[in-house]
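# Overview (structure and organization)
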Amino acid sequence: MPVNAASLVIGLSYASLLFLVAVGLSVVFGLMRFINLATGSLYLIGGYIGWSVARSTGNFLLAVLAGGVAALLLGILIERGFLARLHRKELLQVCLTLGVAYIVQDVTRWIWGGDPLRLRPPEMLRGSLELFGSVVPTYRVFLIGVGAVLAVLVWYVLERTKWGAYVRAGVDDIEMVECLGVNVRRVFAIVFMLGALLSGIGGALGTPVTGVAPGTDVQLLLMALIVVVLGGLGSVSGAIVASVIVAMVDTVVRTFWPQASFFAVWALAALVLIVRPQGLLGRAS
Amino acid sequence: MMMVEFLRQGRSIVFVVALLAALAVAPAVLPTYPLSVLTEILIFTLFAMSLNLLLGYAGLPSLGHSAFFGTGGYVVGLLAKYYGTPAAAALLIAVVAGVVLALITGPFVLRTHGAYFLILTLSLTQVLFGIVWLWRNVTGGDDGLPGIPTPKLPFLIGRVSDTANFYYLALVIVAVAVASLGWIVRSPFGLALIGIRENERYLEGLGYPTWTIKYAAYAIAGAYAALAGGLFAYFKGFVGPGQISWLLAGEAMVMVIVGGAGTFWGPALGSVLVLLLRYEVSAFTQRWVMILGIVFILTVLLLPEGFIRLPKRLRDIRSRLRREAPTGPTVAPVGRSQERAVERAIERS
């Protein structure tokens, strides 16, 4: 049985990255029915900026922060510049964010070239350690830790604070929350920006694992979309569960039947949506 | 009122006749390369128009329409490769395959709305992509099926070049298909579709079988997309997984939106714009992807109803500059969105 601690670690570390990209998308999706096809671009920009900063300063923490901030700035630009005026116009949102994704992909290809770039993990996280009888890369274990901490943090903010209650209430019934005097637009803007920040951090953290190249954005976008619909729109716990499921399925199928990994995840998504159109932990609309 | 209606109809007949005449003489004036681009534009016009039936008329945001396009392509490719079926029969079977695929997937995707519909159509398309990719010994995997013989109109052989010959074949098929689509959207069925987009519950209350109407629209759109896909496979002489890829569906979606979703000629204009941008701009700059992206964004910001509304938009702007009342009967956008909000509120109560 090749499913041992090693593949568990690989799967869970991938799940951490997926969660970082998907959670913002999910909440934005659930809150405003906003379809952001530029999510992968936020990851991409985070990865590239992180790579450059790490290259020039040699400081990994700084690189992760820079990647997050770069994605945050792009997110602010998208939200303030365009999205605020496209409420509930799904087709225009798709067209616009696809346009942004095209531009980001071309600009990054212009600056960083078309070859995949990979970052070496910081000194103390290189090498491997032994876990339950198998050797696993230290950096992957670190990723799982970061992912878990951020997941708990996001879950706490959204499920246990008053501000999070606004967000969840907005997902359930936006008109009612508006009537109660909550500025849903502002809540939405903040959620969007936090989501962008997390995606950028994910991009920078992911560079040592997935690398960055033109096309990473599309790959991450598609995976994040699956996570979002699988977990249910706007559900943080759904995003956590779905990230783990998608990443584990992907990893396991990749070991047994490498060509089919792509297919398996989509088949899973299609199956879940056919049986439960609202996703695993989503509420029926 | 009758007079106005008659004049408008007369104008659109003149427009269609002029367009057809221009397209018919195009091979006489255009060299080979622009003619093949024009052929591609014709095929994508049909593809985008079929998607518009869902996107624009029925309000169903499908991001998986390439599934039908690719199915049509693979049916044509497989029939040509294994059985040597003549083009007319192969295209007909491709259309039937498109309808069958739509009839099978329809009951599942039509359970969802809005964003979920978008993702579910995307997922199913990706599953189909995966099947084609993995089923190497039939579909050729990522190598696809090369060497599909291009059909020719027999009475034109020897009189015009091969490119022009296929161009005329595509022109005839696309023209007939577009005319039939025009008939469909003007029929009571087409009007019911628009009604579903605007307020499905209201139509249901009037006794329309809304689910059946959407199901039928989904099948019809699948049929036309498969026809376009089959033509495209003949045009390229090749069919591969790229013709199922969701990127193609996204491109078609953008064509519809850039041209004008929910208008009859909008998708045609969109396919002209997007393909010309791709082929012309890529000739003189490497940065055409960026330019395409900028065009998408500017369209959304400046012409949210698509390029088809450009003349009206310009008229509005000019009359606003002159501080006069708008020339035509225009609906104020604020009023409409308020109306929508009220409608929603009523619907929810």
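Predicted model, so just to flag it, every value in this text is computed and none were measured. (Residues numbered from 1 in each chain as written. Chains lettered and ligands numbered in written order. Predicted model: local features only at pLDDT ≥ 70, side-chain atom pairs only at ≥ 80, totals over all residues.)

A word on the overall build of chain B. A count of helices and strands for chain B gives 14 helices and two strands. Across the 349 residues of chain B, 46% fall into the buried class. For chain B, the share of sequence-separated contacts (at least 6 apart) that also reach a separation of at least 24 residues comes to 74%. (Helix = DSSP H or I, 4+ residues; strand = E, 2+ residues; numbered from the N terminus. Buried ≥ 20, exposed ≤ 12 C-beta atoms within 10 Å, placed from the backbone. Contact = placed C-beta atoms within 7 Å.)

Turning our attention to the overall build of chain A. Secondary structure assignment for chain A yields eleven helices and two strands. The linear arrangement of helices and strands in chain A, starting from the amino end, is α-α-α-α-β-β-α-α-α-α-α-α-α. In terms of overall size, chain A behaves like a compact globule, its C-alpha atoms giving a radius of gyration of 18 Å where 285 residues would be expected to give roughly 19 Å. Principal-axis analysis of the C-alpha atoms places the extent of chain A at approximately 55 × 40 × 35 Å. Across the 285 residues that make up chain A, the buried fraction comes to 55%. Sequence separation of 24 or more characterises 77% of the internal contacts of chain A that already satisfy a separation of 6 or more. (Rg over C-alpha atoms; globule rule 2.2 N^0.38 Å.)

The next point concerns the confidence of the model for chain B. Residues and elements named next belong to chain B. Confidence in the prediction of chain B, expressed as mean pLDDT, is 85, and 90% of residues score 70 or more. The element-level mean pLDDT for chain B is lowest in helix H14 (residues 333-348), coming to 54, with helix H9 (residues 210-236) highest at 94. Between residues 331-335, whose pLDDT stays under 50, and residues either more than four places distant or in other chains, the model counts one contact. Interface predicted TM-score (ipTM) for the complex: 0.83; the corresponding pTM is 0.85. (pLDDT = per-residue confidence, 0-100.)

Counting 216 residues, the largest nonpolar core has Leu18, Ala224 and Val227 of chain A together with Ile43, Leu46, Val76 and Leu227 of chain B as its most contacted members. By residue number, the principal contributor to this core is helix H1 (residues 5-32) of chain A, which donates 19 residues. When near neighbours in sequence (up to four residues on either side) are disregarded, Leu227 of chain B contacts Leu46, Gly72, Leu91, Ala94, Val95 and Ala177 of chain B. (Core = buried A, V, L, I, M, F, W, Y, C linked by C-beta atoms within 7 Å.)

Right, let's talk about the interface of chain A and chain B for a bit. Contacts between chain A and chain B engage 31 residues on the former and 34 residues on the latter. For the side of chain A that touches chain B, the secondary-structure elements that each account for two or more residues are helix H4 (90-112), helix H9 (216-231) and helix H11 (261-275) of chain A. Per-element accounting of the side of chain A that touches chain B gives the leading share, 14 residues, to H4 of chain A.

This part is about the environment of Asn59 of chain A. All names here are of chain A. Tracing the backbone through its elements, the reader meets Asn59 in the loop between helix H2 (39-57) and helix H3 (60-81). With 13 C-beta atoms packed within 10 Å, Asn59 lands in the partly exposed category. Residues Asn59 and Pro122, spaced 63 residues apart in sequence, show a C-alpha to C-alpha distance of 7.8 Å.

For the rest of this paragraph, the subject is the confidence of the model for chain A. Of all residues in chain A, 98% have pLDDT values of 70 or greater, and the mean over the chain is 85. Across chain A, element-level confidence peaks in H2 of chain A with a mean pLDDT of 92 and bottoms out in strand S1 (residues 128-131) of chain A with 75.

Next up on the list: helix H5 (residues 138-160) of chain A. In an α-helix, one turn spans 3.6 residues, which is why side chains three or four residues apart end up on the same side. Counted at 1.5 Å a residue, the expected span for H5 of chain A with its 23 residues is 33 Å, and the 32 Å between its end C-alpha atoms agrees. What H5 of chain A keeps buried is the set Tyr139, Arg140, Leu143, Ile144, Gly147, Ala151, Val154 and Leu158 of chain A. (Expected span 1.5 Å × (residues − 1).)

This part takes up the pairing of S1 of chain A. Along any regular strand, the residues point their side chains to alternate faces of the sheet. Residues and elements named next belong to chain A. Two elements, S1 and strand S2 (residues 134-137), share four bridges in a ladder whose sense is antiparallel. When the bridges of S2 are listed, Glu130 appears paired with Val135. Count of turn residues in the S1/S2 antiparallel hairpin: two residues, of which Phe132 carries a positive phi of about 50 degrees. (Pairing = 2+ DSSP bridges.)

On to helix H7 (residues 162-186) of chain B, then. Here H7 of chain B is 25 residues long and its end C-alpha atoms lie 36 Å apart, about the 36 Å a rise of 1.5 Å per residue gives. Buried within H7 of chain B we find Ala164, Asn165, Phe166, Tyr167, Leu169, Ala170, Ile173, Val174, Ala177, Val178 and Leu181 of chain B.

Attention shifts here to the environment of Gly67 of chain A. All names here are of chain A. Relative to the elements of secondary structure, Gly67 occurs in helix H3. Along the backbone, Gly67 and Glu90 are 23 residues apart, and their C-alpha atoms lie at a distance of 29 Å. Leave out the neighbours within four places in its chain, and Gly67 touches Gly46, Gly47, Ile49, Gly50, Gly200, Ile201, Gly203 and Ala204.

Turning to the packing of H9 of chain A against helix H10 (residues 236-256) of chain A, a few remarks are in order. All names here are of chain A. Running from amino to carboxyl end, H9 crosses H10 at an angle of 125 degrees, the nearest separation of the two axes being 8 Å. Relative to H10, the element H9 lies oblique. Every pair of crossing elements has a handedness; the one defined by H9 and H10 is right-handed. Counting all contacts with H9, which are made through Met223, Ile226, Val227, Val228, Leu230 and Gly231, the residues of H10 involved are Gly238, Ala239, Val241, Ala242, Ser243, Ile245 and Val246. Residues that form the contact of H9 with H10 fall into these classes: ten nonpolar, three polar and no charged. (Axes fitted to C-alpha atoms, helices over the stretch in contact; angles between N-to-C directions. Parallel < 35°, antiparallel > 145°, perpendicular 65-115°, else oblique. Left-handed = near helix turned anticlockwise from the far one by under 90°. Nonpolar A, V, L, I, M, F, W, Y, C, P; charged D, E, K, R; others polar.)

This part is about the environment of Thr71 of chain B. Residue and element names in this part refer to chain B. With respect to the helices and strands, Thr71 occurs in helix H3 (residues 66-83). Residue Thr71 is classed as buried on the basis of its C-beta count, with 25 C-beta atoms lying within 10 Å. Separated by 135 residues in the primary sequence, Thr71 and Leu206 place their C-alpha atoms 36 Å from one another.

Residue and element names in this part refer to chain A. For the pair H5 and H10, the least separation of the axes is 9 Å and the interaxial angle reads 155 degrees. Relative to H10, the element H5 lies roughly antiparallel. Touching Ala151, Val154, Trp155, Leu158 and Glu159 of H5 are Val236, Ser237 and Ile240, all from H10. Looking at the contact of H5 with H10, its residues break down into six nonpolar, one polar and one charged.

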